[in-house]
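Residues per chain, in single letters:
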Amino acid sequence: FPATMSALTDPNAAMEVATAWAQLVQSMTPSLGLEASAMGKLPQALCIIENHDLAEHAVAWFIEAGSTMVAEETAQKFWGCFDGFDEVKNETGAASWATQRFTTAVEHAHAALCSQLQVASVLEAQLGSQYGVVSRCRANFTAVLFGSVPDHFYQVLYLFFERQFNEFGKVAGQVGQVIMEEDEEMDVSGELLYDAEDHSTLSESQLVDQSMSDDGDANSGWSTEQFRLHCSRMHQIGALPVAEEVFTEMLYTKIQQRIQQMAAGTFDKPLLPKVLHWARSKVWPWLRELLLEEEGGQSVLEASRVRADDSTLAVDHASVAGVHSASLFVQWRTRLQLFLFETFSNLRISEMFDVIVDYPDSLPALKDLKASLARTHQFPQLVTSLRKTFEKRLLHAGANTADIITQYISTIKALHELDPSGTTLRAISKPVQQYLRGRQDTVRCIVTGLTDDSSSELFQELRRQGGAEGGR
């Protein structure tokens with residue numbers, strides 16, 4: 001700027017520019033927020049600056065001054081909110097502490113950003129959009145604020161998101177909130193995984209997460225509107241990219257816990273539909289709120305407004321890094337859906353030996369697994385896991401030959417339900433058949449089975465297998 005000033009040969013012009021520049025600096029310091037008294041003077045000062053071809057210098061000064069203010073003031077206050085976390089992280093009230101400190105930090109950063117954006121809007125309106133002052137101001141603010149993130153911040157974020165999810169789950173359970181998502185309960189054949197009557201079996205206790213890590217203050221005055229406001233401010237200060245990995249990990253953990261809680265060891269009833277119902281009523285709506293998903297053309301925050309220096313600044317949510325596009329929510333939901341089906345499949349695959357033992361009572365579990373595998377295609381994993389389990393629990397000297405044959409028959413029936421093509425069964429059958437050929441009493445057990453009262457079942461399965469082998 002001094003070099004530019006020296007180029008002004010007219011003393012009156014130089015004085016005019018100096019006065020205008022002083023007005024610009026005075027209007028933006030120390031908080032970089034416009035004082036009410038300066039609101040009418042700044043546009044005139046910017047007009048003078050522009051007339052002397054100093055607009056680019058003014059923008060550069062504003063961006064640099066903004067960076068300095070964020071680094072020296074905003075960032076210090078923001079990260080200072082989390083001092084002392086190591087002393088409370090293992091305490092009962094850690095989640096409350098993290099929630100209070102995080103919301104305070106975000107509120108402070110949001111106020112500082114709004115102050116800068118208010119000035120940036122005046123510069124852009126007066127100097128022209130070609131300088132991109134508003135977008136540069138926002139990007140610069142985020143880059144400086146989150147340029148260096150301490151490790152414990154991610155732990156604070158996890159506690160915050162977990163607390164918000166748990167409280168949201170309680171509210172969703174109380175009001176019976178269900179958000180229907182298109183094609184969510186359809187398997188690949190287009191058939192419903194369950195019928196509507198199945199929802200009536202979900203009790204209130206099932207709707208409210210039993211895996212919640214409450215720290216004593218029930219509900220804590222939590223509200224959906226409050227959570228929406230927190231999410232709006234997080235998006236505006238650019239915290240979402242920093243938080244993505246954390247809230248994803250939290251949701252993965254919740255899905256794993258829920259599936260384990262609802263489905264582990266229970267094979268006689270369809271449980272995948274209930275898991276999907278839980279995700280539809282708790283996970284997807286929470287994710288929608290977090291991503292500020294719009295429905296019917298309306299922002300979930302509607303006309304949310306923020307207070308900045310005794311003036312009300314309307315927030316343009318559509319401008320926040322494109323986070324409001326429906327595609328973002330769909331992408332995240334698809335990612336979490338796949339994880340849900342994979343987690344469910346992993347559980348049932350690990351329990352497959354017991355599912356076969358309980359056949360035909362375990363037919364609902366097989367149907368659940370079939371629907372899940374249609375999404376995840378984890379058949380190779382199923383084959384590897386079941387073969388290892390057979391070798392450990394069935395194909396050993398301590399197992400009775402008749403019991404091995406009985407289990408083999410159940411395996412044939414169960415895998416036929418799971419994979420009618422017979423591909424999975426063929427991969428599983430080979431080691432069982434080879435093991436039985438090495439047993440001296442195998443033929444005698446088969447003959448005995450064919451001559452007793454239950455011969456029809458054994459005969460039918462052996463004949464079916466023999467026909468399949470002959471066909472090959």
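This write-up is about the structure you can find in this document. Please read all numbers here as calculations on a predicted model, not as lab measurements.

At their nearest, the axes of helix H4 (residues 55–80) and helix H7 (residues 133–145) sit 9 Å apart, and the two run at 35° to each other. Here H4 runs over H7; the crossing is right-handed. Where H4 approaches H7, its residues Val59, Phe62, Ile63, Ser67, Val70, Ala71, Thr74, Ala75, Phe78 and Trp79 are matched on the opposing element by Val133, Arg136, Cys137, Asn140, Phe141, Val144 and Leu145. By residue class, the composition of the contact of H4 with H7 is 13 nonpolar, three polar and one charged.

Within the secondary structure layout, Arg233 lies in helix H10 (residues 224–237). For Arg233, which is buried and forms no salt bridge, the nearest opposite charge comes from Glu107, at a distance of 4.4 Å. Apart from the residues lying within four places of it in its own chain, the contact partners of Arg233 are Val106, Glu107 and His110.

Attention now moves to the packing of aromatic side chains. Counted under the stated rule, the structure contains 22 aromatic pairs. With a centroid separation of 6.2 Å and an interplanar angle of 55°, the aromatic rings of Trp79 and Phe82 are classed as tilted. Exposure class is identical for Trp79 and Phe82. Each is buried. Aromatic pair Phe161 and Trp286: ring centres 6.1 Å apart, planes at 85°, arrangement edge-to-face. With Phe161 in helix H8 (residues 151–175) and Trp286 in helix H12 (residues 272–290), this pair connects stretches of sequence that are 125 residues apart.

Turning our attention to the pattern of salt bridges. Across all of its chains, the model carries eight salt bridges by this definition. A salt bridge links Asp354 to Arg393; the shortest N-O distance between them is 3.2 Å. A residue pair is termed long-range when its members are at least 10 positions apart, and Asp354 in helix H14 (residues 352–357) and Arg393 in helix H16 (residues 379–393) qualify at 39 residues. Relative accessible area serves as the criterion here: at 31%, Asp354 is assigned to the partly exposed category. Judged by its relative accessible area of 41%, Arg393 falls in the partly exposed class. Each of Arg163, Glu167 and Lys170 takes part in a single network of salt bridges with overlapping partners.

Between two packed helices, both the angle of their axes relative to each other and the distance between the axes serve to describe the pair. Between H4 and helix H6 (residues 94–127), whose axes approach to 11 Å, the crossing angle comes to 175°. Compared by their axis directions, H4 and H6 come out roughly antiparallel. Residues Ala55, Ala58, Val59, Phe62, Gly66, Val70, Glu73, Thr74, Lys77 and Phe78 of H4 lie in contact with H6, whose contacting residues are Ala105, Val106, His108, Ala109, Ala112, Gln116, Val119, Ala120, Leu123 and Leu127. Classifying every residue of the contact of H4 with H6 by side-chain character gives 14 nonpolar, four polar and two charged.

This paragraph deals with the side chain of Thr99. Counting through the fold element by element, Thr99 comes out in helix H6. Ignoring any residue separated from it by four or fewer positions in sequence, one finds Thr99 in contact with Phe160, Arg163 and Gln164.

On the secondary structure map, Leu145 appears in helix H7. In sequence terms Leu145 and Ala109 are 36 residues apart; their C-alpha atoms lie 8.6 Å from each other.

The phi torsion of most residues other than glycine is negative, and most of the peptide bonds are trans. Here Tyr359 and Pro360 are connected by a cis peptide whose omega angle stands at 10°. Tracing the backbone shows Pro360 in the loop between H14 and helix H15 (363–376). Even without being glycine, Asp53 reaches a positive phi, approximately 60°. In this structure, Asp53 sits in the loop between helix H3 (41–51) and H4. Even without being glycine, His377 reaches a positive phi, approximately 55°. In this structure, His377 sits in the loop between H15 and H16.

A few words on the nonpolar core. Among the nonpolar cores identified, the biggest contains 94 residues, and Phe78, Phe161, Phe247 and Trp286 are the most heavily contacted of them. The leading source of residues in this core is H6, at 15 residues. Once residues lying within four places of it in the same chain are set aside, the contact partners of Trp286 are Phe161, Gln164, Phe165, Phe168, Phe227, Phe247, Met250 and Leu251. With 31 residues, the next largest nonpolar core counts Phe267, Leu369, Ile405 and Ile412 among its residues.

The rules behind these values
- Residues numbered from 1 in each chain as written.
- Predicted model: local features only at pLDDT ≥ 70, side-chain atom pairs only at ≥ 80, totals over all residues.
- Heavy atoms only, no water.
- Axes fitted to C-alpha atoms, helices over the stretch in contact; angles between N-to-C directions.
- Helix = DSSP H or I, 4+ residues; strand = E, 2+ residues; numbered from the N terminus.
- Left-handed = near helix turned anticlockwise from the far one by under 90°.
- Contact = heavy atoms within 4.5 Å.
- Nonpolar A, V, L, I, M, F, W, Y, C, P; charged D, E, K, R; others polar.
- Buried < 20%, exposed > 50% of the residue type's maximum accessible area, 1.4 Å probe, protein only.
- Lys, Arg positive; Asp, Glu negative; His and termini not counted.
- Salt bridge = Lys/Arg side-chain N within 4 Å of Asp/Glu carboxyl O.
- Phe/Tyr/Trp six-rings, centres within 6.5 Å; stacked < 30°, edge-to-face > 60°.
- Parallel < 35°, antiparallel > 145°, perpendicular 65-115°, else oblique.
- Core = buried A, V, L, I, M, F, W, Y, C linked by side-chain atoms within 4.5 Å.

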